[in-house]
Every structure is written in structure tokens, then in C-alpha cells.
Amino acid sequence: MKRIAVLTSGGDAPGMNAAVRAVVRKGLYEGMEVYGINYGYAGLVAGDIRKMHRRDVGDLISRGGTFLYSARYPEFATEEGQLKGIEQLKKFGIEGLVVIGGDGSYRGALALTKHGYPTIGLPGTIDNDIAGTDFCIGFDTAINTVLDSLDKIRDTATSHVRTFIVEVMGRNAGDIALWAGVAGGAEQIIIPEKEFDMSEVAEEIRKGRERGKKHTIIVLAEGVMKGNEFADKLYEYGDFHQRVTVLGHVQRGGSPTARDRVLASKFGATAVDMLKDEKGGLCLGLVNNQIVANDIIETLGKKKHMPDVSLYQLNKEISY
Ligand code: ATP
């Protein structure tokens, strides 16, 4: 394969730029031509495609977001949208594609592979909710961003003997809450993957106070419920001077951590190796610290993402 392209799609994540950089540089290193597609599948269909040179990806490794921009483009789920995209790929003579995004983006990648265009998916989402990989690009940066906020909240929570409910992102997955919660020493972590009982939450806060605890931090995954709703429900069991902090989109931004940059670089370079070997219909993952190539159909179908729920029990045992 001599001519490949790369796009970013769905929600942006820190480290996407590092991944694009790796695809471009590795592709050029292998003697290929590499094209960048702006605005995900929307840009593909619109023909917003340009040839990339070494310098086009200079100074990008440290930047969050995605310089190729991202977009939601539901029309790509239709055969008509896909055929329009393929027309553009043909026009530019592009033989293979790297798609960086979440599982919606993988569905687009799968559709292109079925239409005969080898496509490789790279997991890029702060939610870390993609099957077949322990870690996604952007997750490590996001948990460090949350951790920074938790440390700050702890200072003020202690000063006023308050209970802070910190709502974090993650869609339907509890990964961000688990990792940031353990790292930040949160007293309680509430995630979609584990049932919880509000009366027990209240009881734990009370017991902590009796032991002389000055603050309580509860990290709540957005997939469970909104922070304010949680605070209202908790109030039915007592007034714990609860305050709600919704971290929101700050979790999406920032300069990627070293771990995210290295992961993105490895994924990007490996994707080029796959395309060089004419392979498509695959998505890359990191499993037990090894890069693996999974079948996209299997990943979207049978496999289900599961966070490391052992962190939940660990937190109960060490952060009370
Ligand atoms: P995140 O989880 O971070 O939001 P995502 O990749 O799952 O990322 P989506 O908005 O679900 O985000 O998908 C991104 C894009 O992928 C969509 O806007 C659309 O262009 C394309 N896409 C989604 N579903 C399909 C599908 N079934 N077939 C083809 N393309 C799809």
C-alpha cells in the first residue's frame, strides 16, 4: 500500500495529535504518501483532504485536542454516506485509512473495510470504554486532570468539614471514577458497574466523621446519575454539608501525559505497519502492556468493555 490517510472522529481526546503525528511520520518513513482528513467522516465525504508532510505534524505531540478536528456525522451510518466517502478516497487514490476515535468511529471504519477499503481503528476516548484494550488514548491525561482537581477539592473540603460529590465523565463506564478515585484517595467511588445503596453511603460518611475525618470526597461517574441528583438523594439521609462539583469538559483537554503520547505513538506506527501489510478491519488495543490487533466486528459485537473493578474493592479497603 502506497497511499494512506488518517482522520479523527467522535469526541476528541488528548493524544490524538500524537497518534496522527505517528501515522504521518511512520507512513513517510515507510515511503508512503499520507493524507490528513479534516472533521472526521464529514470531511471525508466533503473531500476535505490534504497531503501531509513531515513538518505538518511538527509541534503537535504536546497539544491536546485534534488539529485535524473532529465531527459527529450521523449520515456516515448510511450506505449513501459511505459511498460518497469512498468516492473521495478513490479520487485521491487512497488505499487504506486509519481512524482514531470511539466505537461509533469504529463502525464507520468497519463499513469502509466492508466496502473494500482496509481501515484500522485506534482507540481514542477519555472514557476508556472501548472493548479489546486496557487503555485508550486520552484516558491517562483525563484521570490526571481529574486527580489535580480532587487534590484541590480535598484542601477546601478539609477546611470546612464538607462532603464533596465530584461528578466525572466516562459515559456509561466507571474507569475515570475508579482510577482518579483511587489515586485521589476518595472515600467513596460510585460507578455504573457496581450497585450502591444511598443509606450505606450516608452511613459511611457518618462513621468517617465519628473517626475524626474532616472531609468526604465521593467520586461519582456520570453514567450513574447527575451530581445534583445524587446530592439531593443523599440529603434524604442527612445533611452532610454536601457540595457538588461537575468537572465537565476540562477533562477532555490539556497536554497529553507521557503515557498517552507513548501509547498514541505506538498505536499510530503499528497501524501503518498493518496497512503496509494490506491488513484492514482491525482495531488496535493494549492488553497486558502488549499491542494487539483485534477484529473490529468482534470488538463491536461480542466483546464488552469492563473497567478494572478490583480498584473498587481496593478503595473500600484503603480509603475509609
Ligand atoms: P466518543 O465515544 O468519544 O464519542 P465515538 O467514535 O463513539 O467517540 P460517535 O459520535 O458515536 O463517537 O461516532 C463518531 C462518528 O462515527 C459519527 O459521527 C459517524 O460519522 C460515524 N459512525 C457512527 N456510527 C456509525 C455507523 N453505524 N456506521 C458508520 N459510521 C458511523
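Attention here is on the structure that accompanies the text. Owing to the predicted nature of the structure, the values given are computational and were not obtained by experimental measurement. (Residues numbered from 1 in each chain as written. Predicted model: local features only at pLDDT ≥ 70, side-chain atom pairs only at ≥ 80, totals over all residues.)

Below, the discussion takes up the overall build of the chain. When its secondary structure is counted, the chain shows eleven helices and eleven strands. By the compact-globule yardstick of 20 Å for 320 residues, the chain fits well, its C-alpha radius of gyration being 22 Å. When the backbone C-alpha atoms are referred to their principal axes, the chain occupies close to 70 × 35 × 35 Å. Expressed as a percentage of the 320 residues in the chain, the buried residues total 52%. Taking all contacts inside the chain whose residues are at least 6 apart in sequence as the whole, residues at least 24 apart take part in 77%. (Helix = DSSP H or I, 4+ residues; strand = E, 2+ residues; numbered from the N terminus. Rg over C-alpha atoms; globule rule 2.2 N^0.38 Å. Buried ≥ 20, exposed ≤ 12 C-beta atoms within 10 Å, placed from the backbone. Contact = placed C-beta atoms within 7 Å.)

Two numbers describe how helix H6 (residues 175–183) lies on helix H11 (residues 310–318): the axes approach to 9 Å, and their chain directions differ by 30°. It follows from the interaxial angle that H6 and H11 lie roughly parallel. The way H6 lies across H11 gives a crossing that is left-handed. Contact residues: H6 offers Leu178, Trp179, Gly181 and Val182, while H11 offers Leu311, Tyr312, Leu314 and Asn315. A breakdown of the residues in the contact of H6 with H11 according to their chemical character gives six nonpolar, two polar and no charged. (Axes fitted to C-alpha atoms, helices over the stretch in contact; angles between N-to-C directions. Parallel < 35°, antiparallel > 145°, perpendicular 65-115°, else oblique. Left-handed = near helix turned anticlockwise from the far one by under 90°. Nonpolar A, V, L, I, M, F, W, Y, C, P; charged D, E, K, R; others polar.)

For the rest of this paragraph, the subject is the sheet that holds strand E6 (residues 163–168). Strand order in the open sheet made by the four strands is E7-E8-E6-E9, with parallel pairing throughout. The open sheet has two free edges, formed respectively by strand E7 (188–190) and strand E9 (242–246), since each of these has just one partner strand. Strand-to-strand twist in this sheet, taken as the mean axis angle between neighbours without regard to direction, amounts to 20°. Where E6 lies against E9, five bridges are found, and the strand directions are parallel. Paired with valine 166 across the two strands is threonine 245, which belongs to E9. The strands touched by H6 within the sheet are E6, E7 and strand E8 (216–221), with E8 carrying the most contacts at an inclination of about 160°. Along the sheet face, helix H8 (residues 227–235) touches E6, E8 and E9 and points at about 165° away from the line of E9. (Pairing = 2+ DSSP bridges.)

Moving on, we get to the environment of glycine 253. Its place among the elements puts glycine 253 in the loop between E9 and helix H9 (258–276). The spatial distance from the C-alpha of glycine 253 to the C-alpha of serine 159 is 29 Å, given a sequence separation of 94 residues. For glycine 253, the residues in contact, after removing those within four places along its chain, are Pro14, Gly64 and Gly65.

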